[in-house]
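Breakdown of the fold
As a plain string of letters, each chain reads:
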Amino acid sequence: MKEITITCKLTSPQLQKYKTKVIAGLKNDILERKELKKRHSYKFKAIDNVIDELAEFVKTERACCSFFSFTLSISAYKNEVWLKITGPQGAKEFINTELGM
């Protein structure tokens, strides 16, 4: 099995700008957090602009941190969106340290 390296492909200035703009906005929209053994889950309101922000977040993270796996679950009935982020060993720590989520 191939070992997966837990690193971001963004340069430090790019990562800092990304954290300031995209991640800070999402952090403000989080309604609930769950940290489980192999993943982090975040609950948001199911409104169009939040769903757009989450989709943009996933697209960017796929490009710079390809070790993550994402699940977006949108429930019209409950008017909520859950973003689940999983990855190999060390990914949860990366989320806490680098993304601050």
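In short, a report on the structure. Worth saying up front: this structure is predicted, and the values here are computed from it rather than measured.

This part covers unusual backbone geometry. The backbone of Asn79 sits at a positive phi, close to 55°, despite the residue not being glycine. In this structure Asn79 comes out as partly exposed when scored by relative accessible area, which is 39%.

Unfilled space is identified by rolling a water-sized probe across the atoms. The space that makes up the largest pocket amounts to roughly 160 Å³. The wall of the largest pocket is formed by 13 residues, among which Lys37, Lys38, Gly87, Pro88 and Gln89 lie closest to the centre. Its residues assigned to classes, the lining of the largest pocket comprises four nonpolar, four polar and five charged.

Moving on, we get to the sheet that holds strand 3 (residues 69-75). Strands sit in the order 1-2-4-3 across an open sheet of four strands; the sheet is antiparallel. The open sheet has two free edges, formed respectively by strand 1 (32-35) and strand 3, since each of these has just one partner strand. The mean angle between the axes of side-by-side strands here comes to 15°, regardless of whether they run parallel or antiparallel. Pairing of strand 2 (residues 39-45) with strand 4 (residues 80-86) involves seven bridges; the strand directions are antiparallel. Along strand 4, the bridge assignment pairs Ser41 with Lys84. Packed onto the sheet, helix 3 (residues 91-99) meets strand 1, strand 2 and strand 4 and runs at close to 50° relative to strand 2.

With four bridges connecting them, strand 1 and strand 2 associate as antiparallel partners. Considered in strand 2, the bridge of Lys34 is made with Ser41. Adjacent in sequence and paired antiparallel, strand 1 and strand 2 are bridged by three residues.

Conventions adopted
Residues numbered from 1 in each chain as written. Predicted model: local features only at pLDDT ≥ 70, side-chain atom pairs only at ≥ 80, totals over all residues. Heavy atoms only, no water. Buried < 20%, exposed > 50% of the residue type's maximum accessible area, 1.4 Å probe, protein only. 1 Å grid on protein atoms, 1.4 Å probe; cavity = no way out; pocket = protein on both sides within 12 Å on 5 of 7 lines; lining within 4 Å. Points joined across faces, edges and corners; volume = space filled by probe spheres on them. Nonpolar A, V, L, I, M, F, W, Y, C, P; charged D, E, K, R; others polar. Pairing = 2+ DSSP bridges. Helix = DSSP H or I, 4+ residues; strand = E, 2+ residues; numbered from the N terminus. Axes fitted to C-alpha atoms, helices over the stretch in contact; angles between N-to-C directions. Contact = heavy atoms within 4.5 Å.

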